[in-house]
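# An overview of the molecular structure
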Amino acid sequence: MRTRDEVKAAVRALGVETASWAFANSGTRFKVFGQPGVPRDPFEKIADAAQVHQYTGSAPRVSLHIPWDLVDDFTALANHARDLGVEIGAINSNVFQDDDYKLGSLANPDPSVRAKAVAHHLQCIDVLRATGSKDLKIWLADGLNYPGQDSLRDRQERLADSLRQIYAALDDDHRILLEYKFFEPAFYATDIPDWGTSLTHCLALGERAHVVLDTGHHAPGTNIEFIVMMLLRAGRLGAFDFNSRFYADDDLMVGAADPFQLFRILHEIVSQDAHQPESRVNFMLDQCHNIEPKIPAVIRSVLNVQEALAKALLVDADALAKAQASGDVLGANAVLMDAYNTDVRPLLAELREEQGLDPDPIAAYQRSGYFEKISAERADGAQAGWGA
Ligand code: PSV
Ligand code: MN
C-alpha cells in the first residue's frame, strides 16, 4: 500500500489541462447567460486559466479551440501563457460551425468540402508548431439524421482518407487525439460514435493516433472504466475530456454527478500507472459553466480530480489482488470501498501547504480580489463565447 508521502508525490505530479472555452460565455440552445468579468479574447482566457493553476498547482496547461481562439500571433499567445506560468495544451480543431459542414466535414460527400476540412486541420498543425503544443484534438459533428441520407460505409472510407491526409502532415512529435461521441448533433448515426470506431481509425493511422474519452459521450449506464481499461490495454488512451453528465452531454463539473464513477475510472488509470506524466494520458477538462462562476468552477473540477486520484492511489493493491485471487468477492469490493470512503481532503490540504499553496484554493481565489478586478477591467467590449 502506498505511503501518505507517495500519494502526495503522485498527486503533486498530476497536471490537469483546462479548456479555454470554460472561461467564456456558454449556455444551452435555449439561452447563453453572460457573466461579469468574462474574457474578451484568448489572452484573457489564458489569464483566467493561469488563476486555476496558481491556486491548485495542478493545472499547468490550457487547451485552445480554433477558430474560437484565433489570434494573429500564436507565438505571442504562447509567450503570454508562459509569462503567467502555464503552457498551451491540445489544439482543438472546429469543423462544426461553418455552413459548408451541414452534411459533414471530413466525411462530407463533396470532395471540396472535405478538402476544406482537411485544410483547416493543416492550419491547426501550424498552430501546434507556433505554440509548442504536441496534440491535435479532433471531434467531428459528422453524421446523419435519417436512414438512407448517405452511405454509412462510404462515409467511413472518406473519413479514413481525410484523417490519413491530416496524420501525414503531423510533425514526428505530434499526436492526433480522436474523440468519439454517440449522438448529437446527428441523431440517427454519428460517424465516430464510440471508442471502437475511434480506435479502428487510430490503429489504421499509426502509432501517434490516440483515442479521447469524453466522459459525457456515452449512453446512460455505460461502464466507462471498462473502456479506459481496454484503451490502456491497446496503448491508445490519449486523453480524457473530463466532465459529468446526468442526461446528455451536460459538460458539468467533473465528479459532480457521480464522484464514484470518477474514482472507478482513476482506479483503472492508477492500476496501470497511467496517472504518471510519462504515460502521456492528457487529463483535460471539457466543461462549460453556464450558471456558476467560471474560475472557481474550474478550480472545483481540478480539486475533484485530485480527490479521486488520491483515493485511487490509496487502494491497497496487494490486498485487492489477494482477495481477487481467492475469489473473495466481498473482500475485494471492500478494499475498493475503503479507499473510496477515505476522506482525502486533510491529506490534500497538507500537500498544498507543503507546496506553498493555500489549503483551500477556492477560498483563496475568492479572497484574492481577481474577480472584482476583471469585472471592472473587462466591462467594455464583446465577451468571448462559442462563436469564432
Ligand atoms: C463535443 O461535444 C465536444 O466534447 C468536443 O470536445 C468539442 O470540441 C467540445 O465538446 C466543445 O465544447
Ligand atoms: Mn469533448
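Under the annotation held in an unreviewed UniProt entry, the protein carries the name L-rhamnose isomerase and is attributed to Jiangella rhizosphaerae.

### Remarks on the overall build of the protein
When helices and strands are counted, the protein shows 14 helices and 10 strands. Relative to a compact globule of 388 residues, whose C-alpha radius of gyration would be 21 Å, the protein shows 21 Å and is just as compact. Judged by the C-alpha coordinates and their principal axes, the protein covers about 60 × 60 × 40 Å. With 388 residues in all, the protein has 54% of them scored as buried. Contacts spanning at least 24 positions in sequence make up 78% of the contacts within the protein whose residues lie at least 6 apart. Approximately 16800 Å² of the protein is accessible, and the part contributed by carbon and sulfur atoms is 53%.

### Some points on the coordination of the manganese ion (ligand 2)
Reference geometry at the metal: tetrahedral coordination by four donors gives ideal angles of 109.5 degrees; octahedral coordination by six donors gives 90 or 180 degrees. Protein-derived ligands of the manganese ion (ligand 2) are Glu179 (OE), Asp214 (OD), Asp241 (OD) and Asp286 (OD), with the metal-ligand distances lying across 2.1 to 2.2 Å. Classification of the site at the manganese ion (ligand 2) rests on its 6 donor atoms, whose angles at the metal span 72 to 164°, yielding the label octahedral.

### A few points about the side chain of arginine 114
By secondary structure assignment, the location of arginine 114 is in helix α4 (residues 111-131). In this structure arginine 114 is buried but unpaired, with aspartate 161 as the nearest side chain of opposite charge at 5.3 Å. For arginine 114, the side chain forms a polar contact with the main-chain oxygen of proline 109, separated by 3.3 Å. Excluding anything up to four places from it in sequence, arginine 114 contacts Ser105, Leu106, Ala107, Asn108, Pro109, Arg158 and Ser162.

### Re the pattern of salt bridges
Inspection of every chain in the model, using the stated rule, returns 29 salt bridges. Between glutamate 17 and arginine 61 there is a salt bridge, with the nearest N and O atoms lying 2.8 Å from each other. With glutamate 17 in strand β1 (residues 16-19) and arginine 61 in strand β2 (residues 61-65), this residue pair connects regions lying 44 residues apart in the sequence. For glutamate 17, a relative accessible area of 1% translates into the label buried. The class for arginine 61 is partly exposed, based on a relative accessible area of 24%.

### Structural notes on unusual backbone geometry
Residue isoleucine 66 is joined to proline 67 through a cis peptide bond whose omega torsion reads 20°. Structurally, proline 67 is set in the loop between β2 and α3 (74-83). Each neighbour pair has its own omega, and for glutamate 184 with proline 185 the value is 5°, a cis peptide bond. For proline 185, the location among the structural elements is in the loop between β6 (175-179) and β7 (189-190). The backbone of glutamate 184 sits at a positive phi, close to 75°, despite the residue not being glycine. Topologically, glutamate 184 is positioned in the loop between β6 and β7. In the Ramachandran plot, aspartate 251 falls in the positive-phi region, its phi being about 55° despite a non-glycine side chain. Tracing the chain through its elements places aspartate 251 in the loop between β9 (237-242) and α8 (259-271).

### Points about the side chain of histidine 65
Mapped onto the secondary structure, histidine 65 falls in strand β2. We classify histidine 65 as buried; its relative accessible area is 6%.

### Focus on the sheet that holds strand β3 (residues 87-92)
Taken together, the 8 strands give a closed barrel; going around it, the order is β1-β2-β3-β4-β6-β8-β9-β10, and neighbouring strands pair in parallel fashion. Neighbour-to-neighbour, the strand axes of this sheet turn through a mean angle of 30°, independent of strand direction. In the sheet, β1 pairs with strand β10 (residues 282-285) via 2 bridges, with the strands oriented parallel. Counterpart to glutamate 17 in the pairing with β10 is methionine 284. Packed onto the sheet, α3 meets β2 and β3 and runs at close to 135° relative to β3. The strands that α8 touches are β9 and β10; relative to β9, the one it contacts most, it runs at about 165°.

### Considering the site of ligand 1
Inspection of the region around ligand 1 gives Trp21, His65, Trp68, Lys137, Trp139, Glu179, Lys181, Asp214, His217, Asp241, Asp249 and Asp286 as its neighbouring residues. Interatomic distance of 3.0 Å between a side-chain N/O atom of aspartate 214 and an oxygen atom of ligand 1. Protein contacts shield 92% of the accessible area of ligand 1, which totals 310 Å² for the unbound molecule. Of the residues belonging to the shell around ligand 1, the class tally is 3 nonpolar, 2 polar and 7 charged.

Cut-off values and rules
- Position labels on residues start from 1 in each chain and follow its written sequence.
- Labels are handed out in written order, letters beginning with A for the chains and numbers beginning with 1 for the ligands.
- Local features in this predicted model are restricted to residues of pLDDT 70 or higher, and side-chain atom pairs are both shown and tallied only at a pLDDT of 80 or more, whereas totals for entire chains, interfaces and linings draw on every residue.
- For the side-chain quantities, the full set of heavy atoms in the structure was used; hydrogens and water were omitted.
- Secondary structure elements are defined from DSSP: runs of H or I of at least 4 residues count as helices, runs of E of at least 2 residues count as strands, and each element is numbered from the N terminus.
- Throughout, radius of gyration means the C-alpha value; the globule benchmark is 2.2 Å times the number of residues raised to the power 0.38.
- The rule is simple: take the accessible area with a 1.4 Å probe, protein chains only, and divide by the maximum for that residue type; under 20% is buried, over 50% is exposed, in between is partly exposed.
- It only takes one pair of heavy atoms within 4.5 Å for two residues to be counted as in contact.
- What sets the accessible areas is the Shrake-Rupley method with a 1.4 Å probe; for residues, cover comes only from the shown protein chains.
- Coordination here is defined by N, O and S atoms within 2.8 Å of the metal (3.2 Å for Na, K and Ca), and since water is not considered, a site can look incomplete.
- By the criteria applied here, four donors are tetrahedral when all angles lie between 85 and 135 degrees, four are square planar and six octahedral when opposite donors are over 155 degrees apart and every other angle lies between 65 and 115, and any other arrangement is irregular.
- Just so you know, the count uses Lys and Arg for positive and Asp and Glu for negative, and it drops His and the chain ends.
- Here, a salt bridge means any side-chain nitrogen of Lys or Arg that lies within 4 Å of a carboxyl oxygen of Asp or Glu.
- Under this definition, polar contacts are N or O atom pairs within 3.5 Å; protein pairs additionally need one hydrogen-donor-capable and one acceptor-capable atom, and for neighbouring residues in sequence, both atoms have to be side-chain atoms.
- Any two strands with at least two DSSP-identified bridges between them are counted as paired.
- Axis angles are defined between N-to-C directions and span 0 to 180 degrees, where every axis is a line fitted to C-alpha atoms and, for a helix, only to the segment in contact.
- Any residue with a heavy atom positioned within 4 Å of a molecule or strand is treated as near that molecule or strand.
- For this scheme, ten residues count as nonpolar: Ala, Val, Leu, Ile, Met, Phe, Trp, Tyr, Cys and Pro. Four count as charged, namely Asp, Glu, Lys and Arg, and the remainder, Gly too, count as polar.

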